[in-house]
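The chain contents come next:
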Number of protein chains: 2
Amino acid sequence: MQTIYQKMSDAELSAALEDLNARVAEVKARGLKLDMARGKPSPEQVNISRSMLDLVRADSDLTDDGVDCSNYGCFEGIPSARKLAGEFLGVAPEQTLVLGSSSLLIEHDTVAMCWLKGTCGNAPWSEYAAAHNGERVKFLCPSPGYDRHFGITADLGIENIPVPMTADGPDMDEVERLVAADAGIKGIWCVPKYSNPTGDTYSDETVRRLVSMPTAAPDFRIFWDNAYCVHDLYDEGDELLNVFAAAREAGIEDRVIAFASTSKITFPGAGVGFVAASPVVIKEIASHLKAGLISADKMNQLRHVRFLPNIEAVREHMRKHAEFLRPRFECVDAKLHEGFDGTGCATWTSPRGGYFVSFDGPEGSAKRVGALCRELGVTLTPAGATWPGGDDPRDTNIRIAPSYPSVEDLSAALDVLVLAVKLVSAELAHEERA
Amino acid sequence: MQTIYQKMSDAELSAALEDLNARVAEVKARGLKLDMARGKPSPEQVNISRSMLDLVRADSDLTDDGVDCSNYGCFEGIPSARKLAGEFLGVAPEQTLVLGSSSLLIEHDTVAMCWLKGTCGNAPWSEYAAAHNGERVKFLCPSPGYDRHFGITADLGIENIPVPMTADGPDMDEVERLVAADAGIKGIWCVPKYSNPTGDTYSDETVRRLVSMPTAAPDFRIFWDNAYCVHDLYDEGDELLNVFAAAREAGIEDRVIAFASTSKITFPGAGVGFVAASPVVIKEIASHLKAGLISADKMNQLRHVRFLPNIEAVREHMRKHAEFLRPRFECVDAKLHEGFDGTGCATWTSPRGGYFVSFDGPEGSAKRVGALCRELGVTLTPAGATWPGGDDPRDTNIRIAPSYPSVEDLSAALDVLVLAVKLVSAELAHEERA
């Protein structure tokens, strides 16, 4: 698609550039300081969980189903928390572990387990290269995706292979083709519901194809980070198929390892992290993690289950979160429509949940837009961050994180983004002609 | 030294065996159920920290020196907690990280960092074997020592080498000889104060020799788990030299990585863990850990620093813990004197802090004593656990953990231990004659 700037006559384009540059100068003079970079809730939104802090006090019963939460023991997590984790992730409590505050850390340690020790009797991934002419272990990375996922595998020396992300999840034709042919492809990173950053949810067909596709690697693993499983903006949320049920149906439940946490439900960074897997694999993960852990923070687990005793309580609490997030997401969508309708300069997603909007400008624009916004006082997630290695091949994608700023600040930040994309689009059109 | 049973005539020994077996039968009939296996505080002792739970409430200020503890960020730990960690470990706050609830996990992840990535520009430890004719990386394990330390290195495929533990710390002649000759020896596990299980504290000379000894490995690391740094039983505690000051003096501060936590200060398993190292190494550790962690649980850090704002407050709180522990340690010592003085059957330590007493029976007795105690309803830490691979070469050592039972139960359990050691000693003397 052509942008309006590409369609202009030379004279029109010069005039447009002059106008846009003048507006940029005006904005620069205002000395803004706005942040749309981080997927963190606003302080007011965080405050809705404060009452949780009063549920475990000096005079409280500190036991859960007979487990003393105030002393060592109960590595797997307290009974009520495992029950809740099972409801989150669609498995029996026995197929879960409830650990510390970071699901990212559990993801890291689970990949590290496969790397150092292997899984289900297969050789450690770290030994793959030596046995295969130096060929590295690879991971599929639906892109745009979550930079910290890609960072975990990159950190271990695993090669990240981008595959296109679609509105239905990863491009399954491409995924199936790759995993069938290459035994070095050992896993895929998935944020299946309200994906980071597109906000799209995997279709039932995508889930079924992921768990049933033939893979050359016998130890191929799906890292299913269901980070936004209850993070709906509207009463009617996206529906995600139960991946474990689908995997059991396909006869390969060992393929799926699922994660979630309460970080964006109660206190970011101070929540409770979960992992779920098949009976065989969850035992393997527990045995691996026990080398470094006597037991996780059960006091925080207790605080959480007293605040959120079941999934219904979670959903009710999430409706309060949605009241903060919905106007922000709607502001983004409205501002982008207002700024770009009819310009051919941009496409973007309109998620019904999660924490991000994925934005695409013209080819070759994203890094320049990021730099210009920074000059104008608006911080965005670094362009390229949504691709493995920070390398967005078409340099189009920007992740918008609308949750932290006030609606007013967000609105101002989006005005800046719109202006920056327009100026860069016009500059690109001008450069094409030179 | 000979036991009284070895010195007896055959007739005397037969009579003694008959008497001991009769007493064992009596005890068995009582159906006891007592536990001296685990280094965990008693429920009453844990309760002294309950008031901490009221210090972070729904209406509390949730910031620390401007840092919002209720949201993501501040990976290194909140300012007040890093200051406290610095006081614990004898370094500037900038040389610390304050992380989650488990210092064992930080130890695990730090060894894993060296294994996967190397430290200070040296090759990853995982590559050592391939470059040295398959020779494995080795760690020195002062023994008797802490089984979970040995487990971390064993888990990564590192070879654990026991070195004798003395009242002044590891046998430094042996340590110096080993590390000077073998570049594959990459580290040593140390619990320098009130060592687990002997309760002995490293002498100043031991600390100085450890930080200044020549090592064939340029990347030799001391894993300094100062788990009991404030865990004195008496007002006058053991004094441990500041290892970082000594290392700086020796010109090799990068050699030391120190750990501590509040697990046995506030709530076991739900405390706050610290790590300290040289400016170069702490930066390296932070960078490694950031691959899997956005930020640790700062709410729990906040709760802790409000309860324990500085090291003086910690010491005052520890005096309350000592009131629970001191009578238990004194009971152990009295009971062992009462049971064994003049028998030649046992030696043991009399620690002035920490959580354990190290007990040695006659050669070849410990596994049998453990099994017999179990039959009699008393659980001990498995014999051998204090040696790498669970292999106590002389089979003498038993770790006594007196903290959890009431003094009454502890006293009953020690009666059983004394009886079991005597019976096994008499049986050994009898078998010698057969």
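Everything that follows concerns the structure shown earlier in this document.
The following paragraphs examine the structure supplied in this document. These numbers were taken from a predicted model, which means no experiment stands behind them. Residue numbers restart at each chain and count upward from 1, following the sequence in its written direction. Working convention: letters from A go to chains and numbers from 1 go to ligands, in the order in which they are written. At least 70 in pLDDT is required for a residue's local features to be given in this predicted model, at least 80 for side-chain atom pairs to be given and counted, and no such filter applies to totals for whole chains, interfaces and linings, which use all residues. No hydrogens and no water enter the side-chain calculation; it runs on all heavy atoms of the structure.

Digging into the overall build of chain A
Elements are defined by DSSP. Helices are runs of H or I of four residues or more, strands are runs of E of two residues or more, and each kind is numbered from the N terminus. For chain A, the helix and strand inventory stands at 15 helices and 15 strands. Taking 2.2 N^0.38 as the reference for a compact globule, 434 residues should give roughly 22 Å; the C-alpha atoms of chain A span a radius of gyration of 23 Å, in line with that estimate. Of all 434 residues assigned to chain A, the portion counted as buried reaches 61%. The contact rule is simple, with two residues in contact once any of their heavy atoms fall within 4.5 Å. Within chain A, contacts between residues separated by at least 24 positions form 76% of all contacts whose residues are at least 6 apart in sequence. Just to be clear, the radius of gyration here is over C-alpha atoms, and the globule rule we use is 2.2 Å times residues to the power 0.38. Type-normalised accessible area, obtained with a 1.4 Å probe on protein chains alone, sets the label of each residue: buried when under 20%, exposed when over 50%, and partly exposed for intermediate values.

Quick look at the relation of the copies chain A and chain B
Between chain A and chain B, which share one sequence, the superposing operator has a rotation angle of 180° and an axial displacement of 0.0 Å; the RMSD is 0.0 Å. Classification of the inter-copy transformation places it as that of a two-fold axis. Both copies contact each other with a shared surface, as 100% of the interface residues of chain A are interface residues in chain B too. A residue counts toward the fit only if its pLDDT is at least 70 in both copies, and the copies are then superposed by least squares on the C-alpha atoms of those residues.

Observations concerning the sheet that holds strand S12 (residues 347-348) of chain B
Consider a sheet: its strands pair through backbone hydrogen bonds, and that pairing is either parallel or antiparallel. Residue and element names in this part refer to chain B. Note on pairing: DSSP must find at least two bridges between two strands before they are called paired. Spatially, S12-S13-S15 is the arrangement adopted by the three strands of the open sheet, whose pairing is antiparallel. Whereas interior strands pair on both sides, the edge strands pair on one side only; in this sheet they are S12 and strand S15 (397-400). Strand direction decides the pairing type here: S12 and strand S13 (residues 357-360), joined by two bridges, are antiparallel. Within the sheet, the bridge partner assigned to Thr-347 lies in S13 and is Asp-360.

Regarding the environment of A:Ala366
All names here are of chain A. Locating Ala-366 in the fold gives a position in helix H14 (residues 366-375). The spacing of Ala-366 and Arg-248 is 118 residues in sequence and 42 Å in space, taken between C-alpha atoms. Every residue in contact with Ala-366, bar those within four places of it in the chain, is listed here: Ala-383, Asp-395, Thr-396, Asn-397 and Ile-398.

Observations regarding the nonpolar core
What makes a nonpolar core is a set of buried Ala, Val, Leu, Ile, Met, Phe, Trp, Tyr and Cys residues whose side-chain atoms join them at distances within 4.5 Å. Core analysis: the biggest nonpolar cluster contains 117 residues, and A:Phe88, A:Leu210, A:Trp224, B:Phe88, B:Leu210 and B:Trp224 have the highest contact counts within it. Those residues in contact with B:Phe88 that sit more than four places away from it in its chain are B:Cys229, B:Val230, B:Ala260, B:Ile265, B:Phe274, B:Ile311 and B:Val314.

A few points about helix H2 (residues 10-30) of chain A
Residues and elements named next belong to chain A. Here H2 contains 21 residues, and its C-alpha end-to-end distance of 31 Å stays within 8% of the 30 Å for a straight helix at 1.5 Å per residue. Leu-13, Ala-16, Leu-17, Leu-20, Val-24 and Val-27 are the residues of H2 that are buried. Burial along H2 is one-sided: seen end-on, the buried residues are contained in an arc of 100°. Exposed and oriented more than 90 degrees from the buried face of H2 are Ala-11, Glu-18, Glu-26 and Ala-29. Among the structural elements, helix H1 (4-7), H14 and helix H15 (407-433) are those in contact with the buried residues of H2. Given a helix with a known number of residues, its expected span is that number minus one, times 1.5 Å. The arc in question is formed by the directions pointing from the helix axis toward the C-beta atoms.

Focus: the packing of aromatic side chains
Pairing of aromatic rings covers Phe, Tyr and the six-membered ring of Trp, with a centre-to-centre limit of 6.5 Å; geometry is then stacked below 30 degrees between planes, edge-to-face above 60, and tilted otherwise. Inspection of the entire model under this criterion finds 20 aromatic pairs over all chains. With centroids separated by 6.3 Å and ring planes inclined at 50°, the aromatic side chains of B:Phe340 and B:Trp348 adopt a geometry described as tilted. On the accessibility criterion, B:Phe340 (2% relative accessible area) is buried. Under the relative-accessibility criterion, B:Trp348 is labelled buried at 18%. One aromatic cluster is present, formed by A:Trp125, A:Phe139, A:Trp189, A:Phe223 and A:Phe259 through successive ring pairs. Directly above the ring of B:Tyr355 sits B:Lys264, whose terminal nitrogen or CZ lies 5.1 Å from the centroid. Sitting over a ring, as applied to charges here, requires NZ of Lys or CZ of Arg to be within 6 Å of the ring centre and within 35 degrees of the ring normal.

Considerations on helix H7 (residues 147-155) of chain B
Residues and elements named next belong to chain B. Residues of H7 that are buried: His-149, Phe-150, Ile-152 and Thr-153. Seen along its axis, H7 keeps its buried residues to an arc of 150°; they face one direction. Contacts made by the buried residues of H7 are with helix H5 (103-117), strand S5 (138-143), strand S6 (159-166), strand S8 (185-190) and strand S9 (221-225). Gly-157 lies just past H7 and shows a positive phi near 85°.

Describing the pattern of salt bridges
Pairing is possible between side chains of opposite charge, provided their charged atoms come close. In what follows, salt bridge is the name for a side-chain nitrogen of Lys or Arg lying within 4 Å of a carboxyl oxygen of Asp or Glu. The final tally for this structure, using the stated rule, is 42 salt bridges over all chains. Among the ionic pairs, A:Glu87 bridges to A:Lys83, the shortest N-O distance being 4.0 Å. Placement of both A:Glu87 and A:Lys83 in helix H4 (residues 79-89) is noted, with a separation of four residues, approximately one turn of the helix. Two residues, B:Lys335 and B:Glu338, come together in a salt bridge whose shortest N-O distance is 3.9 Å. With a gap of three residues between them, B:Lys335 and B:Glu338 both fall in helix H13 (residues 311-340), about one helical turn apart. We classify B:Lys335 as buried; its relative accessible area is 16%. B:Glu338 sits in the exposed class, given a relative accessible area of 61%.

Describing the interface of chain A and chain B
Taken together, the contact between chain A and chain B spans 50 residues of the former and 50 residues of the latter. Throughout, the accessible surface (probe 1.4 Å) given up by two parts as they are put together, summed over both, is called the buried area. For the pairing of chain A and chain B, the buried interface totals around 4,200 Å² over both sides, and the portion due to carbon and sulfur atoms is 54%. If you look at where chain A meets chain B, you find two salt bridges. A:Lys117 is the partner of B:Asp155 in a salt bridge, and the nearest nitrogen-oxygen pair spans 2.6 Å. For this analysis, a polar contact is any N or O atom pair within 3.5 Å, provided that within protein one partner can donate a hydrogen and the other can accept it, and provided that sequence-adjacent residues contribute only side-chain to side-chain pairs. On the surface where chain A and chain B come into contact, there are 14 residue pairs in polar contact (both at pLDDT 80 or more). Secondary-structure elements contributing two or more residues to the side of chain A that touches chain B are helix H5 (103-117), helix H7 (147-155) and helix H12 (298-307) of chain A. Looking at the side of chain A that touches chain B, the element that brings in the most residues is H5(A), giving six residues. Class assignment for the residues of the side of chain A that touches chain B results in 23 nonpolar, 14 polar and 13 charged. In this classification, the charged set is Asp, Glu, Lys and Arg, the nonpolar set is Ala, Val, Leu, Ile, Met, Phe, Trp, Tyr, Cys and Pro, and all remaining amino acids, among them Gly, are polar.

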